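As a plain string of letters, each chain reads:
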Amino acid sequence: MTTITFVAFDGTRHELEAENGSTVMENAIRNSVPGIEAECGGACACATCHVYVDDAWKAAVGEPEAMEEDMLDFAYDVRPNSRLSCQIRVSDKLDGLVVHVPERQA
Ligand code: FES
């Protein structure tokens, strides 16, 4: 199990236990984390699972692949640490991960 913390736009923190192999988005939806919509269900086709990876975790999470990068163009207020949470797979190396939820989705 890996602990992930979602920090809402207003600073509210949602900490949850995630199963390795699942995606960050799946855990947000399963735990009703506000602000993650995930309309396409994880197909990298909607950009409504957008998060900002905390700076301390950027290297561990890594860079988006080309398809995700294209889809990120449709996200709201994209920043250098933007990722689509359906494309981040949970593993031991992400234990303690912190991601920030944008003010709104696309
Ligand atoms: Fe649609 Fe991530 S859930 S792009």
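Refer to the structure presented above.
Conventions we followed
Residues numbered from 1 in each chain as written. Predicted model: local features only at pLDDT ≥ 70, side-chain atom pairs only at ≥ 80, totals over all residues. Heavy atoms only, no water. Pairing = 2+ DSSP bridges. Helix = DSSP H or I, 4+ residues; strand = E, 2+ residues; numbered from the N terminus. Axes fitted to C-alpha atoms, helices over the stretch in contact; angles between N-to-C directions. 1 Å grid on protein atoms, 1.4 Å probe; cavity = no way out; pocket = protein on both sides within 12 Å on 5 of 7 lines; lining within 4 Å. Points joined across faces, edges and corners; volume = space filled by probe spheres on them. Contact = heavy atoms within 4.5 Å. Buried < 20%, exposed > 50% of the residue type's maximum accessible area, 1.4 Å probe, protein only.

A. Structural context of the sheet that holds strand E1 (residues 2–7). Ordered by their spatial adjacency, five strands build an open sheet running E2-E1-E5-E3-E4, and the pairing between neighbours is mixed. Each edge of the sheet is formed by a strand with only one pairing partner; in this case those strands are strand E2 (13–18) and strand E4 (82–84). Sheet twist, expressed as the average angle between the axes of neighbouring strands with direction ignored, equals 35 degrees. Of the pairings in the sheet, the one linking E1 to E2 comprises six bridges and is antiparallel in character. Following the sheet pairing, threonine 3 is matched in E2 by glutamate 17.

B. Broad picture of empty space enclosed by the protein. Using the criterion set out here, one finds one cavity of 30 Å³ or more in the structure. By volume, the largest cavity is sized at about 60 Å³. Mapped by element, the contributors of at least two residues to the lining of the largest cavity are helix H2 (58–61) and E4.

C. Local environment of the side chain of asparagine 27. Inspection of the secondary structure puts asparagine 27 in helix H1 (residues 24–30). Not counting residues up to four positions away in its chain, the partners in contact with asparagine 27 are Leu16, Glu17, Ala18, Glu19, Ser22 and Val90.

D. Region of interest: the pairing of E1. Burial within E1 is extensive, with six of its six residues counted as buried. Taking the residues that link successive antiparallel strands as the turn, the E1-E2 hairpin has five residues, and the phi of glycine 11 there is positive, at about 95 degrees. By the bridge criterion, four bridges tie E1 to strand E5 (residues 97–100) in an arrangement that is parallel. Counted as the bridge partner of threonine 5 is valine 98 from E5.

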